[in-house]
Amino acid sequence: MTLAIIRTRASVGLDAPEVLVEVHLSNGLPGLAIVGLPEAAVKESRERVRSALINAGFEFPAKRITLNLAPADLPKEGGRFDLPIALGILVASGQIPEEAVDGLECLGELALDGKLRRITGVLPAAMAVSKAGHRLIVPADNADEAALAGRLEVLPAVHLLDVVAHLVKERVISPHQLGAPPVASLPEMDLLDVRGQHQARRALEIAAAGGHNLLFAGPPGTGKTMLASRLASILPPLDDDESLEVAAVRSVCGLPILERWGQRPFRAPHHTASAAALVGGGSKPRPGEISLAHHGVLFLDELPEFDRKVLEVMREPLESGQIHIARASHQRQYPARFQLIAAMNPCPCGHLGDPRQPCHCTANQVQRYQARLSGPLLDRIDLQVEVPALPAAQLTSTETGESSATVRARVLAARERQRQRGNLNAHLAPRELEAACDLQEGERAWLSDVLNRLNLSARAYHRVLRVALTIADLNDETRVEKKQLMEAIGYRQLDRMMGRGGAS
Ligand SMILES: [Zn+2]
């Protein structure tokens, strides 16, 4: 046997396409040539594999070794191919029988002493291997993650010697089992901790029920962050498919998975975050915060402080639930269906309209600050709510609001109504929205008239309808009437506060 083929997987976005490692030994000047890998990766992998084989006591063939990673046009990076390359050399040189690698796939980086190191992106690879019906050898540190894919034999190994001992049937590795099926943990933060702010709490509940994006505006210290960080606690738990998708993104980023299993993501990147950190990218493209927030919540505190160009890039995922990252040689696509919740001060000093403290900003400064938010981004935020400074009496009151569990029960009931209609209210197309609201002619005319008088743009019309429909769902009502419309108009405060509709 001088030719060996080992199956493995590349990592492309959340996909794991098959890669064949072909190893050919021939007579000639001893050496190792690798094709199908970028130069830098080849150099590193060649040295690690050579050292690992020699240090583990195997014979490194004194022949001309040609290695091909096919197909050639797939991006291949990282040390994940070390183990398949090492096994290919061992099979080609007759140190492992060829039939031992039938129906087998493997992944893993080798340390110089032959130990296997954990790699990123094992879960998507395991899901693909499971579909192909193969067995999978992974570094022991990746075994739990691989086992989450279900319906495949995961063989965990600590050292190259363990892998070889298993393949030559000296010491068989038993398939890895998860200790217990992963249990979804509940968010730790509860709405019980939030005092007062009834309107903001109500807005949070509506946002959760209809999947609406939400912006809180108000002076510092009014509980905007506290409220935002509790949105995940009133959303329904993730189902199994959603949990797997969330885990797959974390897997590609090399983040821990099991301890966060089933939890709605809550991501709160700082306003100094780069575009690559926020939406994904980099020289080896990785998912950004918006993909880590997939099926969960993305919280942008101090929204006007974010780089405007970065915020503009978020318009695509806010529409489509996906982000495309274009690189010179290839494209990556990551899921990014997140719920946006943002917070901002009303002015640079934060105290515009605050009875406790005077605002020192000039009209010009306030205008420039508020103008940093682009209209198109605000257009995608259905609920825009002022969170005022509370009178001291309310701050020290011991009265607590409802718990997250109580609110979540209402959110679940409202979502069930939407599920029967087919889509979350936030994602309804205008025509579906109109049909679901079932407005009477008089109500329609009344709404247009009110929006006109408030100087609210025509675009506000559908946002008001969307929110009104969610309010009706929360109240278990079958159609939208004036009272829901009136409440929904109340959540357009920023349009007026910021003079975006004209009045200020
Ligand atoms: Zn100010």
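Use the structure listed above.
For every chain, the first residue of its written sequence is number 1, and the numbers climb from 1 along that sequence. For this predicted model, a pLDDT threshold of at least 70 governs which residues receive local features, and a threshold of 80 or more governs which side-chain atom pairs are given and counted, while totals over whole chains, interfaces and linings are taken from all residues. For side-chain calculations, the full set of non-hydrogen atoms in the structure is used, while hydrogens and water are omitted.

Undergrad: Help me understand the pattern of salt bridges in this model?
TA: Should their charged atoms come close, side chains of opposite charge can pair. Here, a salt bridge means any Lys or Arg side-chain nitrogen found within 4 Å of an Asp or Glu carboxyl oxygen. Throughout the structure, instances matching the rule amount to 30 salt bridges. Here Asp 379 and Arg 463 are joined by a salt bridge, their closest N and O atoms 2.9 Å apart. Here Arg 463 lies in helix α19 (residues 460–474) and Asp 379 lies in the loop between α14 (375–378) and β18 (383–386), a separation of 84 residues in the sequence. On the accessibility criterion, Asp 379 (22% relative accessible area) is partly exposed. In the salt-bridge network here, residues are joined through shared partners; they are Arg 417, Arg 421, Asp 473 and Asp 476. For the purposes of this entry, the term helix denotes a DSSP run of H or I that reaches at least four residues, the term strand denotes a run of E that reaches at least two, and both are numbered from the N terminus. Each residue's exposure class comes from its accessible area (1.4 Å probe, protein chains only) as a fraction of the maximum for that residue type: buried when under 20%, exposed when over 50%, partly exposed otherwise.

Undergrad: Would you take a moment to explain the coordination of the zinc ion for this structure?
TA: The expected angle between donors at a tetrahedral four-coordinate metal is 109.5 degrees. At an octahedral six-coordinate metal it is 90 or 180 degrees. The donor set covers N, O and S atoms within 2.8 Å of the metal, switching to 3.2 Å for Na, K and Ca, and it leaves out water, so a site may look short of donors. Binding of the zinc ion to the protein goes through Cys 347 (SG), Cys 349 (SG), Cys 359 (SG) and Cys 361 (SG), at separations of 2.2 to 2.5 Å. Coordination geometry of the zinc ion: the four donor atoms subtend angles of 105 to 112 degrees at the metal centre, consistent with an arrangement described as tetrahedral. Read in sequence order, the donor residues coordinating the zinc ion give the pattern C-x1-C-x9-C-x1-C. You can see Cys 347 sitting in the loop between β17 (339–344) and α13 (363–371) and its partner Cys 359 sitting in the loop between β17 and α13, a full twelve residues away along the chain. The partly exposed category is assigned to Cys 359, whose relative accessible area is 25%. Note on geometry labels: four donors, all angles 85 to 135 degrees, give tetrahedral; four donors become square planar and six octahedral when opposite donors are over 155 degrees apart and every other angle is between 65 and 115; remaining cases are irregular.

Undergrad: Please explain helix α6 (residues 198–210) as it appears in this structure.
TA: In an α-helix, one turn spans 3.6 residues, which is why side chains three or four residues apart end up on the same side. The span one expects for a helix is its residue count, reduced by one, times 1.5 Å. When the terminal C-alpha atoms of α6 are compared, their 18 Å separation across 13 residues agrees well with the 18 Å that a helix rising 1.5 Å per residue should span. With ten of its 13 residues buried, α6 lies for the most part within the structure. Of the positions making up α6, those classed as buried are Ala 200, Arg 201, Ala 203, Leu 204, Glu 205, Ile 206, Ala 207, Ala 208, Ala 209 and Gly 210. Downstream of α6 by one or two residues, Gly 211 has phi in the positive range, about 70 degrees.

Undergrad: What is the right way to look at the nonpolar core in this model?
TA: The tendency in soluble globular proteins is for nonpolar side chains to be buried as a group. Nine residue types can take part in a nonpolar core, namely buried Ala, Val, Leu, Ile, Met, Phe, Trp, Tyr and Cys, and a core is a set of them joined through side-chain atoms within 4.5 Å. The biggest cluster of nonpolar side chains holds 51 residues, and the ones touching the most others in it are Leu 204, Leu 214, Phe 216 and Ile 341. Any pair of residues with heavy atoms lying within 4.5 Å of one another is described as a contacting pair. In contact with Leu 214, not counting residues within four places along its chain, are Ala 203, Leu 204, Ala 207, Leu 340, Ile 341, Ala 342, Ile 381, Leu 383 and Val 385. Grouped together as the second largest cluster of nonpolar side chains are 46 residues, Val 23, Phe 58, Phe 60 and Leu 160 included.

Undergrad: How do you make sense of helix α5 (residues 160–167) when you look at a structure like this?
TA: Burial within α5 is extensive, with six of its eight residues counted as buried. Those residues of α5 that fall on the buried side of the exposure criterion are Leu 160, Val 163, Val 164, Ala 165, His 166 and Leu 167. Lys 169 occupies a position one or two residues after α5 and carries a positive phi of about 65 degrees.

Undergrad: Hey, could you run me through the pairing of strand β4 (residues 64–70) in this one?
TA: Regular strands have side chains that alternate between both faces of the sheet. Here seven bridges tie strand β2 (residues 18–26) to β4, and the two strands are oriented antiparallel to one another. Of the residues in β4, the one forming a bridge with Leu 20 is Ala 70. At least two DSSP bridges between two strands are required for those strands to pair. Sheet topology note: the strand β3 (residues 31–35)/β4 ladder contains five bridges and is parallel. Bridge pairing in β4 places Leu 32 opposite Ile 65.

Undergrad: Mind showing me how you'd approach the packing of aromatic side chains here?
TA: One pair of aromatic rings is described through two measures. These are the centre distance and the angle between the planes. Whether two aromatic rings pair depends on their centres lying within 6.5 Å, for rings of Phe, Tyr and Trp, where Trp uses its six-membered ring; planes under 30 degrees apart make the pair stacked, over 60 edge-to-face, and the rest tilted. Summed over the entire model, instances satisfying the criterion amount to one aromatic pair. Aromatic side chains Phe 266 and Phe 299 sit 6.1 Å apart centroid to centroid with 25 degrees between the ring planes, which places their arrangement in the stacked category. Taken together, the positions of Phe 266 in strand β11 (residues 266–267) and Phe 299 in strand β14 (residues 297–300) put the pair 33 residues apart, joining distant regions of the chain. Accessibility expressed as a relative area gives 4% for Phe 299, which makes it buried.

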